[in-house]
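What follows is each chain in one-letter form.
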Amino acid sequence: MVSKTLVRLIDRNAEMDRYVLDGEPSVTVFMRRSTRARRMVLRVSRLDGRVSLTIPRGVKDKEALAFLQERESWLRKHVSAVQPTILASVGAEILFQGVSSPIINADVARVAYQDGMFQVPYNGRTGAQIQAYLKLAARDALAQASDHYAGVIGRGYRRLSLRDTRSRWGSCSSQGALMYSWRLIMAPPEVLSYVAAHEVAHLVEMNHGPQFWQIVADIFPDYQDCRKWLRDNGEQLHRVTFDT
Ligand SMILES: [Zn+2]
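Being a predicted model, the structure only gives us computed values, none of them experimental.

Participant: What exactly am I supposed to notice about the domain arrangement of the protein chain here?
Facilitator: Many authors give the size of an interface as the accessible area that is lost as the parts come together. Domain boundaries in the protein chain define domain 1 (7–81) and domain 2 (129–241). One C-alpha centre belongs to domain 1, the other to domain 2; they are set 38 Å apart.

Participant: So what exactly am I meant to see when it comes to unusual backbone geometry here?
Facilitator: Trans is the prevailing form of peptide bonds, just as negative phi is the prevailing case for residues other than glycine. Backbone geometry at Gln 97 places phi at a positive 50°, although glycine is not the residue there. For Gln 97, the location among the structural elements is in the loop between β7 (93–96) and β8 (99–105). A positive phi angle, near 60°, is found at Asn 123, a position not held by glycine. When you line up the elements, Asn 123 lands in the loop between β10 (117–120) and α3 (126–153).

Participant: So what exactly am I meant to see when it comes to helix α4 (residues 189–201) here?
Facilitator: Each turn of an α-helix holds 3.6 residues, which means side chains three or four residues apart point in the same direction. Taking 1.5 Å per residue, 13 residues should reach 18 Å; α4 reaches 18 Å between its end C-alpha atoms and fits that length. Summarising burial for α4: eleven of the 13 residues are buried, a large majority. Where α4 is concerned, the buried positions are Val 191, Leu 192, Ser 193, Tyr 194, Val 195, Ala 196, Ala 197, His 198, Glu 199, Val 200 and Ala 201. Tucked into the core, α4 has its buried residues touching α3, β12 (170–172), β13 (177–181), α5 (210–219) and α6 (223–238).

Participant: For this particular structure, what's the right way to read the sheet that holds β12?
Facilitator: Note: strands within a sheet are paired through backbone hydrogen bonds, in either parallel or antiparallel orientation. Here three strands make up an open sheet; going across it, the order is β11-β13-β12 and the pairing mixed. The sheet is open, and its two edges are formed by β11 (159–163) and β12, each paired on a single side. Pairs of neighbouring strands in the sheet enclose a mean axial angle of 15°, with direction left out of account. Alignment of β12 against β13, held across three bridges, turns out to be antiparallel. In the sheet register, Gly 170 faces β13, and the bridge partner there is Tyr 180. Sitting on the sheet, α4 is in contact with β12 and β13, with an inclination near 20° to β12.

Participant: What should I look at first to understand the environment of Lys 228 in this one?
Facilitator: You can see Lys 228 is positioned in helix α6. For the pair Lys 228 and Ile 215, spaced 13 residues apart in sequence, the C-alpha to C-alpha distance is 18 Å.

Participant: Looking at this structure, I do not really get the pairing of β10. What am I missing?
Facilitator: Judged by which residues are buried, β10 turns out to be one-sided: Phe 118 and Val 120 face inward and are buried, whereas Met 117 and Gln 119, on the alternate face, are not. Across three bridges, β8 lies against β10 in parallel orientation. The residue bridging Ile 104 from the neighbouring strand is Gln 119, located in β10. Of the strand pairs in this sheet, strand β9 (residues 112–114) and β10 are connected by three bridges, and their pairing is antiparallel.

Participant: Just checking my understanding: could you explain the packing of α4 against α5 for this structure?
Facilitator: Between α4 and α5, the shortest axis-to-axis distance is 9 Å and the interhelical angle comes to 135°. Relative to α5, the element α4 is oriented oblique. In this structure, α4 crosses over α5, and the sense of that crossing is right-handed. Touching Ala 197, His 198 and Ala 201 of α4 are Phe 212, Ile 215, Val 216 and Ile 219, all from α5. Counted by class, the contact of α4 with α5 contains six nonpolar, one polar and no charged residues.

Participant: Explanation requested: the packing of α4 against α6 in the structure shown.
Facilitator: Helix-helix packing is described using two parameters, namely the angle between the two axes and the distance between the axes. Close contact between α4 and α6 brings their axes to 9 Å; oriented N to C, the two are set at 105°. Regarding the angle of α4 to α6, the classification is roughly perpendicular. For the pair formed by α4 and α6, the contact residues are Glu 190, Val 191 and Tyr 194 on the first element and Tyr 223, Cys 226, Trp 229 and Leu 230 on the second. Taken together, the residues that form the contact of α4 with α6 break down as six nonpolar, no polar and one charged.

Parameters and conventions
Residues numbered from 1 in each chain as written. Predicted model: local features only at pLDDT ≥ 70, side-chain atom pairs only at ≥ 80, totals over all residues. Domains from an automatic or database assignment. Helix = DSSP H or I, 4+ residues; strand = E, 2+ residues; numbered from the N terminus. Expected span 1.5 Å × (residues − 1). Buried ≥ 20, exposed ≤ 12 C-beta atoms within 10 Å, placed from the backbone. Contact = placed C-beta atoms within 7 Å. Pairing = 2+ DSSP bridges. Axes fitted to C-alpha atoms, helices over the stretch in contact; angles between N-to-C directions. Parallel < 35°, antiparallel > 145°, perpendicular 65-115°, else oblique. Left-handed = near helix turned anticlockwise from the far one by under 90°. Nonpolar A, V, L, I, M, F, W, Y, C, P; charged D, E, K, R; others polar.

In structure tokens, the structure reads:
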């Protein structure tokens, strides 16, 4: 008989029970009872590896734990695939324009980017300062790229705003308002340029049909590589936290 991994209840409250799956490493599972759930659902957050198990109200603890144990190897595989978040702080490295850049303390009045490193003042709020620096740099780069591609296709846009969106890297409204994720400044410059070219192309075609992609290809021939980079690495950009 195969011995089952021990699952221990470590915290119980009205909303959520917390269990731990013993082993190396141990895995914490947040178990939530739901009146709406029809079946048990086990999820691993791609962002931080948080494990949640939603169970319908009538299901007994014992059944839920058996369900968990049956899926242990699946669970461990997915948890170990999730990379931890990176806090933008002294000693850490974050991507800037595609380059992994260490954050160091230096005798500077404000954040400076030099020799592939972020230099931050002593005793400053490093995360907030770096985030502000990234947003400024993103605005410059995205405005420049948007102006460039808008010029190439001969259309103007109305305004440009930055957000921290998880679901999309950019958007273009029918009124010609461009929106981008400022996290694009962490990606290689050509990837940022591609997103700008893509959104600007929507000034002509408000859809993703063949004509739209033809415009993108005309103004940004290597777009496939950049799309692939975002698919493969985009999650990395969201993994950086700033503790603001
Ligand atoms: Zn689009």
